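What follows is the residue order along each chain.
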There are 2 protein chains.
Amino acid sequence: MCSMVLGGMGSFMAGGHRVRISGEPCEDISFSAGFSDYRYDPNGEYWIEQSYVQYFIPHQQRLALPVVLVHGGGLTGSCWETHPDCRMGWQESLIRRGVSTYVADSVERGRAGFAALPGTWSGRPLQRSAEESWSLFRIGKRADFAARRPFDGSQFPLEAFDDLVRQTVPRWLTNTEAQIAALVAVVRIVGPCYLVGHSQGGGHAMAVAEREPELVRATVALEPHGGPSRFERAAGRPMLHVQGDFIDRDDTWTRLARSAKESVKAWRDGGGVADTLDLPREGLMGNSHMLMMDRNSETVLDLVMQWLTRIDASHSNLEACS
Amino acid sequence: MCSMVLGGMGSFMAGGHRVRISGEPCEDISFSAGFSDYRYDPNGEYWIEQSYVQYFIPHQQRLALPVVLVHGGGLTGSCWETHPDCRMGWQESLIRRGVSTYVADSVERGRAGFAALPGTWSGRPLQRSAEESWSLFRIGKRADFAARRPFDGSQFPLEAFDDLVRQTVPRWLTNTEAQIAALVAVVRIVGPCYLVGHSQGGGHAMAVAEREPELVRATVALEPHGGPSRFERAAGRPMLHVQGDFIDRDDTWTRLARSAKESVKAWRDGGGVADTLDLPREGLMGNSHMLMMDRNSETVLDLVMQWLTRIDASHSNLEACS
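Scoring rules and cut-offs
- For every chain, the first residue of the written sequence is number 1, and numbering continues from 1 along that sequence.
- Naming scheme: in the order in which they are written, chains are lettered from A and ligands are numbered from 1.
- Given that this is a predicted model, residues contribute local features only at a pLDDT of at least 70 and side-chain atom pairs are listed and counted only at 80 or more, while totals for whole chains, interfaces and linings are drawn from all residues.
- Hydrogen atoms and water are omitted, and side-chain values are computed over all heavy atoms in the structure.
- For helices the rule is a DSSP run of H or I covering at least 4 residues; for strands it is a run of E covering at least 2, with both sets numbered from the N terminus onward.
- Burial classification: accessible surface area is computed with a 1.4 Å probe over protein chains only, and a residue below 20% of its type maximum counts as buried, one above 50% as exposed, and the rest as partly exposed.
- Should any heavy atoms of two residues lie within 4.5 Å, those residues are considered in contact.
- We get accessible surface area from the Shrake-Rupley algorithm with a probe of 1.4 Å; when it comes to residues, only the shown protein chains can shield them.
- For the purpose of charge, His is not counted, nor are the chain termini; Lys and Arg are scored as positive and Asp and Glu as negative.
- Here the site of a charge means NZ on Lys, CZ on Arg, CG on Asp, or CD on Glu.
- What qualifies as a polar contact is a pair of N or O atoms within 3.5 Å, subject to a donor-acceptor requirement within protein and to the restriction that residues adjacent in sequence count only when both atoms come from side chains.
- The fit set for superposing copies consists of C-alpha atoms from residues with pLDDT of at least 70 in both; the fit itself is least squares.
- Helix axes are fitted only over the stretch in contact, all axes being lines through C-alpha atoms; the angle between N-to-C directions runs from 0 to 180 degrees.
- Orientation is classified from the angle alone, with under 35 degrees giving roughly parallel, over 145 giving roughly antiparallel, 65 to 115 giving roughly perpendicular, and any other angle giving oblique.
- In a left-handed crossing the near helix is turned counterclockwise from the far helix by less than a right angle, and in a right-handed crossing that turn is clockwise.
- Charged residues are taken to be Asp, Glu, Lys and Arg, nonpolar residues to be Ala, Val, Leu, Ile, Met, Phe, Trp, Tyr, Cys and Pro, and polar residues to be all remaining types, Gly included.

As a further point, take the overall build of chain A. Looking only at helices and strands, chain A features seven helices and ten strands. Scored against the burial criterion, the 322 residues of chain A give a buried share of 66%. The contacts of chain A with a sequence gap of at least 6 include a subset with a gap of at least 24, amounting to 74%. In the form shown here, chain A has an accessible surface area of approximately 11,500 Å², with 49% of it arising from carbon and sulfur atoms. When the 33 positive and 39 negative side-chain charges of chain A are each reduced to one mean point, those points stand 3 Å apart.

What follows is the structure, given as structure tokens:
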């Protein structure tokens, strides 16, 4: 593998807000054998509902604007990093392609942290079983999980399935609005950018594009399960909707794909320009829901980058003319 | 800022184990507006108690072995990244100094994920208030939090205090053993290395060194609050214990520093070679517990690197002789 030259790297927290806890009892706790008999006072000031972002700026930049990557439900930004089977992920590939790359951990996920305070979040976090990952990530039918028999022609690296399961994290079902608000804070810090979201993150990306049309110059929704049903600020704005294989082999996915198409239609109804990249129709067969991890992930990224490069060129021309 | 040349970067999950959940009721849930009426089945196979690691390999390496960084309690690996006041963190500084750098998120923290399964972990996660961060991180007395009045001469970048609070994450009190086990898995993947742990991570580093003496070639414990009370495999092995300022201004820290010194004594009693870097005694005044974030963090790292470079040289000589 060749070397890569970075102009910079770093991380930051974005968004969130203060909450104040009061009237809760203190408690004597032990942090460790060496740190016992400590009086824990839960009352006080906290920050919750922020997002974490890590970024890498390549020395030579080939796109005018950076790309912001937003993971899906039950996952963190690590899904864009090294694949479970040790191949290079989209994050590193984008950097090597000369793209400034920002990877977010959404509210409650990964390094963004979660709220463990009385009375803040409703419901409980749900964890995803290997069986649910198998079927929801469209690697194969749930009934074929025990035998680890994937769909015929699946591009998912089967030997790495357990490592994908180790990457999944619990999720609340009630934080959609907080996650979108923190992602709005992210793009306000990053500035004009291309927003790429996967699954739940694809719907979030569309919602953020609607709130910050001047900042989100292009939206890529990778297998979103729906998004806003109405766009009022999409006029003239580009979106790419990407969809993999085996959709019709799974009832849930048939339904989710329909919901995604309704959001894409709403984007067009709002005057937006939406392209669809249906991978099987382009001759790319076998993609799971985790298309950034599939064996042909670099080819999928090639297609996304072709689209982004075209947007970027017209955008750069526009900037040059203005 | 000058460019930096990387030979490689990546991430991986380490350790953890499978658990199986059965006999739990299914539940109809809604992931989002576009993804409702889904039957969630909590029964099945899960992975829990793994660690997440992100690494960067500089093109030109100036130490024979990589450094593994382990964060403290209520924090994630992000504490080694960009400082809350936007200065370069130890992670980037180490890479720029030519050190292969591995940053771990321990079990339950950050991208390692936490277990949200019935009957797995006992107790509940505790979140750290701004007030507790203020006093436990020795920025100032708790009574002086409201006025944001730090200790005289504090090196902590006060204007960034809220951003530090945004980096804190909840913690369970019951996962010490699982965290140490996953860190053992980390060093088994990384191979021979120098292990640097902060606070709770400092105690963990000592424990991992005791379990994998062939892999952990040097241990740096930054303000650990204690560690093992007995070492049987420390003979001839180097450790550096680093301690900041204002210890005697806080009752908790007076106690924690005593506990840390007992562990350092145990290391020596086991035949280990322990050096102490008492920063005020070296003329570095004003360091908080978050010494990797303090204004003089680069100077603190200079001192740690001087020690590590000496160990590295003798280690390289040993390798050359064998």
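Below, the discussion takes up the side chain of Ser154(B). Residues and elements named next belong to chain B. Here Ser-154 shows up in the loop between α2 (130-136) and α3 (161-167). Separated by 3.1 Å, the side chain of Ser-154 and the backbone nitrogen of Phe-156 make a polar contact. Non-local contacts of Ser-154, meaning those with residues more than four positions away in its chain, are made with Ile-139, Phe-246 and Gly-286.

With that settled, the discussion passes to unusual backbone geometry. Residue and element names in this part refer to chain B. Even without a glycine there, the phi angle at Glu-108 is positive, about 80°. With respect to the secondary-structure elements, Glu-108 resides in the loop between β6 (101-105) and α2. With a phi close to 50°, Arg-148 is a non-glycine residue in the positive phi region. Examined against the element boundaries, Arg-148 turns out to sit in the loop between α2 and α3.

A separate point is the relation of the copies chain B and chain A. Once turned by 180° and shifted 0.0 Å along the axis, chain B lies on chain A with an RMSD of 0.0 Å. Read as a symmetry element, the transformation amounts to a two-fold axis. By residue overlap, the copies meet face to face through one surface: 100% of the interface positions of chain B are interface positions in chain A.

For any two helices packed against each other, one specifies the inter-axial angle together with the distance between the axes. All names here are of chain A. Put simply, helix α4 (residues 176-190) and helix α5 (residues 200-211) touch, their axes get as near as 9 Å, and they point 60° apart. Between α4 and α5, the angle is such that the two are oblique. Considering only the axes of α4 and α5, their crossing is right-handed. Contacts between α4 and α5 involve Thr-176, Glu-177, Gln-179, Ile-180, Leu-183, Val-184 and Val-187 from the first element and Gln-200, His-204, Ala-207, Val-208 and Arg-211 from the second. Residue composition of the contact of α4 with α5, by class: six nonpolar, four polar and two charged.

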